[in-house]
Amino acid sequence: MRMAHGVLTLALALAPAVAGACHLVPMGIAGSVGKLGDVSVAFGTADDAQHPTAWQGPLRITTGTAPACTVSDEVAVIEAPVLLGDGILYVPTYSGSNNRLYAVDARNCRVLWRSRTFNGPTRLGDGRLTIGGRPVPLDRLCRPTGMTKDGR
Amino acid sequence: MSAGVSKPAESAVETASRQEWPRWKSDCSGFVHAVAGDLGIVLSGNANAMVDAMGAKASGWVALGHDPALATGYANRGFFVVAGLKAAGHGHVVVIVPTPPGSRYPLGYWGRLGGVGREKTGINWSWNHRDLPKVDYYAKPVPEVH
């Protein structure tokens, strides 16, 4: 069963290279830790040990055998779904009444991009990423299209 | 609970919060407006307008600054305490309820625009750690009829 899950994960991770398009995969999170392929993420304190729906951060990411890095504490409070595609982690967050989606480089924890504030859920459906009902267009490397040079 | 030991009476603020939350769990200012109304206190407008109103001179609100311990103290004495932070777009407001000593964060009830708020939860689940120190707290006595 575990091997089958591993094969499926590997297939999903390789899909972009095969299809030539960004393929985001939701990261399963158990307690306060998520893992997908060789990327492991610690999310900080969870709101509920058994059925967490939000995490305090800061995110701590380990990719392969590289040393772990820590994401800026602006990326909080974190909610599901956290998505991974081509080494970029998409992290939905909220503070007060406003939500933001962040794109984080999983290799070095750098914040590559952040959305404008929005209200409503982050969703991945039919290969499309939406925030508050609006699409987030991504290029084939899973970067938001139109992302400026400094990533904002 | 053993016989003869009674549970402490719930504060009027918490009773109103518990009753209003299901209806207003997706609207922070609507929730605060409803709880205030139940307590006989007028507080209206969106979250940004509420923060402005509470902070205005001669508003009748006690400005507690950014001090969560002070907010907890007032809430534990039965005051109606509101935490608020203005923001571009949508600000946010939370009702603070009596909080056990030693709690790291004040407990609150709130609605959340585009989502679902929380009941009697530490307000570190309402704002992140960047915003939390900027939150303003205000207190007002609950009219005696309550």
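What you are looking at is a predicted structure, and each value in this text was computed from that prediction instead of being measured. (Residues numbered from 1 in each chain as written. Chains lettered and ligands numbered in written order. Predicted model: local features only at pLDDT ≥ 70, side-chain atom pairs only at ≥ 80, totals over all residues.)

Undergrad: Describe the overall build of chain B, naming the residues involved and giving the relevant values.
TA: Counting its secondary structure elements, chain B contains four helices and six strands. Reading the helices (α) and strands (β) of chain B from amino to carboxyl end gives α-α-α-β-α-β-β-β-β-β. Its C-alpha atoms give chain B a radius of gyration of 14 Å, within 12% of the compact-globule value 15 Å for 146 residues. In terms of overall dimensions, chain B has C-alpha extents of about 55 × 30 × 30 Å along its principal axes. Partitioning the intrachain contacts of chain B with sequence separation of at least 6 by distance along the chain shows that 59% fall at a separation of at least 24. (Helix = DSSP H or I, 4+ residues; strand = E, 2+ residues; numbered from the N terminus. Rg over C-alpha atoms; globule rule 2.2 N^0.38 Å. Contact = placed C-beta atoms within 7 Å.)

Undergrad: Which residues make up the overall build of chain A, and what are the values?
TA: Secondary structure summary: chain A contains one helix and 15 strands in total. Looking at the 152 residues of chain A, the share that counts as buried comes to 32%. Sequence separation of at least 24 residues holds for 38% of the intrachain contacts in chain A that already meet a minimum separation of 6. (Buried ≥ 20, exposed ≤ 12 C-beta atoms within 10 Å, placed from the backbone.)

Undergrad: Hey, could you go over the sheet that holds strand β5 (residues 118-122) of chain B for me, with residue numbers and the actual values?
TA: Residues and elements named next belong to chain B. Strand order in the open sheet formed by six strands is β1-β6-β2-β3-β4-β5, and the pairing between neighbours is antiparallel. The open sheet has two free edges, formed respectively by β1 (62-63) and β5, since each of these has just one partner strand. The sheet contacts of helix α1 (residues 12-24) involve β2 (80-85), β3 (92-97), β4 (107-110) and β5, and relative to β3 the element is tilted by about 130 degrees. (Pairing = 2+ DSSP bridges. Axes fitted to C-alpha atoms, helices over the stretch in contact; angles between N-to-C directions.)

Undergrad: Outline the interface of chain A and chain B, supporting the account with residue identities and numerical values.
TA: For an interface, size is often stated in terms of accessible area lost upon the parts coming together. With 16 residues of chain A in contact, the opposing surface of chain B contributes 19 residues. Here the residues of the side of chain A that touches chain B are counted per class, giving three nonpolar, 10 polar and three charged. (Nonpolar A, V, L, I, M, F, W, Y, C, P; charged D, E, K, R; others polar.)

Undergrad: Give a detailed account of the nonpolar core, specifying residues and quantitative values.
TA: V32, V81, V82, A83, V95 and I96 of chain B are the most contacted members of the largest nonpolar core, which has 42 residues in total. Elements supplying a minimum of two residues to this core: α1, α2 (28-39), α3 (47-55), α4 (68-76), β2, β3, β4 and β6 (136-140) of chain B. Broken down by element, the residue count for this core peaks at seven residues, all from α2 of chain B. What V82 of chain B contacts, discounting residues up to four positions off in sequence, is V32, M54, V93, V94, V95, I96 and Y138 of chain B. If you look at the next biggest cluster of nonpolar residues, it comprises 34 residues, including M27, A54, V82 and V91 of chain A. (Core = buried A, V, L, I, M, F, W, Y, C linked by C-beta atoms within 7 Å.)

Undergrad: Explain the environment of V39 of chain A to me, using residue names and the numbers behind them.
TA: Residue and element names in this part refer to chain A. Here V39 is to be found in strand β4 (residues 39-42). Separated by 81 residues in sequence, V39 and G120 place their C-alpha atoms 27 Å apart. Apart from the residues within four sequence positions on either side, V39 is in contact with I61, T63, L84 and A106.

Undergrad: Kindly report on the sheet that holds strand β14 (residues 128-131) of chain A, identifying the contributing residues and their values.
TA: Residues and elements named next belong to chain A. Ordered in space as β13-β14-β15, the three strands form an open sheet in which the pairing is antiparallel. Every other strand in the sheet has two partners, leaving β13 (122-125) and β15 (134-135) as the edge strands with one partner each. Direction of pairing for β14 relative to β15: antiparallel, over a ladder of two bridges. Across the sheet, residue T130 finds its bridge partner in β15, namely P135.

Undergrad: An account of α4 of chain B is requested, with residue identities and associated values reported.
TA: Residues and elements named next belong to chain B. Those residues of α4 that sit buried are P68, A71, T72, Y74 and A75. Taken around the axis of α4, the buried residues stretch over an arc of 165 degrees, which confines them to a single face. Where α4 is buried, its residues touch β2, β3 and β6. G78 occupies a position one or two residues after α4 and carries a positive phi of about 95 degrees. (Arc of directions from axis to C-beta.)

Undergrad: Any chance you could break down the confidence of the model for chain A for me, citing the residues and the numbers?
TA: Across chain A, pLDDT averages 87, with 82% of residues at or above 70. Counting contacts from residues 10-19 of chain A, a segment whose pLDDT is below 50, to residues more than four positions away or on other chains yields nine contacts. (pLDDT = per-residue confidence, 0-100.)

Undergrad: Can you tell me about the environment of R134 of chain A, naming the residues and giving the values?
TA: With respect to the secondary-structure elements, R134 of chain A resides in strand β15. Separated by 113 residues in sequence, R134 of chain A and A21 of chain A place their C-alpha atoms 20 Å apart.

Undergrad: Before we move on, can you summarise the pairing of strand β6 (residues 60-63) of chain A with the specific residues and values?
TA: All names here are of chain A. Side chains of β6 alternate between two faces, with I61 and T63 buried and R60 and T62 left unburied. Two elements, β6 and strand β7 (residues 69-70), share two bridges in a ladder whose sense is antiparallel. By the bridge assignment for β7, R60 is matched with T70.

Undergrad: Give a detailed account of α1 of chain B, specifying residues and quantitative values.
TA: Residue and element names in this part refer to chain B. With 13 residues, α1 extends 18 Å from end C-alpha to end C-alpha; this agrees with the ideal 18 Å at 1.5 Å per step. In the structure, α1 departs most strongly from a straight axis at R18, where the bend amounts to approximately 30 degrees and where the proline P22 lies between one and four residues downstream. Three or more residues of α1 are buried, namely V13, E14, A16, S17, E20, W21 and W24. Packing partners of the buried residues in α1 comprise α2, β2, β3, β4 and β5. (Expected span 1.5 Å × (residues − 1). Bend = angle between axes of the 7 residues up to and from the residue.)

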